[in-house]
Amino acid sequence: MGLRPGNTKLGLLIHAWSIPSGLKEICVGASAVCLMLCYAMRQHYCRDSVKEALARNYRETLLKDFVAVMGGWIRSVFARVVRVHASGEFYSAEYVRKWVTIAKRNPKVVFFSYTRSWRDPDVYLALKELAALPNFVLWWSCDKETGAPPRLKGVRRAYLMTDDDDVPRYGVDLVFREKTQTTMK
C-alpha cells in the first residue's frame, strides 16, 4: 500500500500513511470510547484487501530501512503534505523516532497526525521530540475517558464527543462529533 494519495475527505494533494487500528500492540493510548467509535475499524477498513495492505505497512515500520523507504515514497510522489495514521497509532517510542528522522530529512514536507499515544509515558517522551519539529503538527486526541491531555507548545487538542451532553471539561481546539444529526451549538 505504501504512501497513498489523498481522498475526497483529505484532499487529493494530501498523502496518507496508515497501519492497522484497534490492536492492543498498536493503539497503545486507546480508550474504550476510542475503540468503540473508531472509524478505522469500520466500512472500507474491514475489506480484506485493505486489512492486508495496512498489515503490510505495519510490517514495513518494523524494518530497519523504514526511514529510507518512506523517504523514497515521499520523493517519488512529490508529497508536500502527509497525514501520518489516517488509521493506526504511534505504537512505540522507537517508531516515533523513525518519524522524527523522516520529518528532519524532509523539511519541506508538512506532516500531521492525531494521536492518543500521549497516554503512554515512553511514547509521550518521543512525541515531545516530534512535536518540536517545525514541519510536524500533532494533535492530542482525547475523550471523556482519557482525561485532559498535557499542554505542550504547538500541540492542539481534538476531542471525540459521543453525544450532545458530552462536553469537554477542559480546553480543546477541535471537537469531532459522533452523532452529527442533532443541532449542537
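Here's what I pulled together on the structure shown here. Just so we're clear, the structure is a prediction, and the values are computed from it rather than from any experiment.

**Describing the side chain of Asp-166**
Tracing the backbone shows Asp-166 in the loop between strand 5 (156-161) and strand 6 (174-177). One buried charged residue, Asp-166, forms no salt bridge at all, with the nearest opposite charge on Lys-144 at 4.8 Å. At 2.5 Å, the side chain of Asp-166 and the side chain of Tyr-159 are in polar contact. In terms of polar contacts, Asp-166 uses its side chain to reach the backbone amide nitrogen of Thr-162, at 2.9 Å. Dropping the residues within four chain positions of it, Asp-166 is found in contact with Lys-144, Tyr-159, Leu-160 and Met-161.

**Comments concerning the sheet that holds strand 3 (residues 110-115)**
Reading across the sheet, the 6 strands line up as 1-2-3-4-5-6 and stay open at both edges, with parallel pairing between neighbours. In this open sheet, the two edge strands, each paired with only one partner strand, are strand 1 (14-17) and strand 6. Adjacent strand axes in the sheet meet at a mean angle of 25 degrees, parallel and antiparallel pairs treated alike. Note that strand 5 and strand 6 share 4 bridges and pair parallel. Paired with Ala-158 across the strands is Leu-174, a residue of strand 6. Packing of helix 4 (residues 93-105) onto the sheet brings it into contact with strand 1, strand 2 (81-84), strand 3 and strand 4 (136-142), and relative to strand 3 it is tilted by some 160 degrees. Across the sheet, helix 5 (residues 121-131) touches strand 3 and strand 4, and the angle it forms with strand 4 is around 140 degrees.

**Looking at unusual backbone geometry**
Most peptide bonds take the trans form, and the phi angle of most residues other than glycine is negative. For Phe-78, which is not a glycine, the phi torsion comes out positive at approximately 55 degrees. Considering the arrangement of structural elements, one finds Phe-78 in the loop between helix 3 (66-76) and strand 2. Look at Phe-78 and you get exposed, because its relative accessible area is 62%. A positive phi angle, near 75 degrees, is found at His-85, a position not held by glycine. If you trace the backbone, His-85 turns up in the loop between strand 2 and helix 4.

**Some thoughts on helix 5**
A turn of α-helix holds 3.6 residues, and therefore any two residues three or four places apart point the same way. Among the residues making up helix 5, those that are buried are Val-123, Tyr-124, Ala-126, Leu-127, Leu-130 and Ala-131. Within helix 5, the buried residues cover an arc of 170 degrees as seen down the axis, which keeps them to one side. Of the exposed residues in helix 5, those oriented more than 90 degrees away from the buried face are Pro-121, Asp-122 and Leu-125. In this structure, the buried side of helix 5 is in contact with helix 4, strand 3 and strand 4. The distance from a side-chain oxygen at the start of helix 5 to the backbone nitrogen of Asp-122 is 3.1 Å, and the residue carrying that oxygen is Asp-120.

**Overview of the nonpolar core**
Of all hydrophobic cores here, the largest spans 40 residues; its most connected members are Trp-17, Phe-90, Trp-99, Phe-111, Leu-130, Phe-136 and Leu-138. Contributions of two or more residues to this core are made by helix 3, strand 2, helix 4, helix 5, strand 4 and strand 5. The leading source of residues in this core is helix 4, at 7 residues. Those residues in contact with Trp-99, other than ones at most four positions away along the chain, are Trp-17, Phe-66, Met-70, Val-84, Phe-90, Phe-111, Leu-130 and Phe-136.

Criteria and cut-off values
Residues numbered from 1 in each chain as written. Predicted model: local features only at pLDDT ≥ 70, side-chain atom pairs only at ≥ 80, totals over all residues. Heavy atoms only, no water. Helix = DSSP H or I, 4+ residues; strand = E, 2+ residues; numbered from the N terminus. Buried < 20%, exposed > 50% of the residue type's maximum accessible area, 1.4 Å probe, protein only. Lys, Arg positive; Asp, Glu negative; His and termini not counted. Salt bridge = Lys/Arg side-chain N within 4 Å of Asp/Glu carboxyl O. Polar contact = N/O pair within 3.5 Å; in protein donor to acceptor, adjacent residues only side chain to side chain. Contact = heavy atoms within 4.5 Å. Pairing = 2+ DSSP bridges. Axes fitted to C-alpha atoms, helices over the stretch in contact; angles between N-to-C directions. Arc of directions from axis to C-beta. Core = buried A, V, L, I, M, F, W, Y, C linked by side-chain atoms within 4.5 Å.

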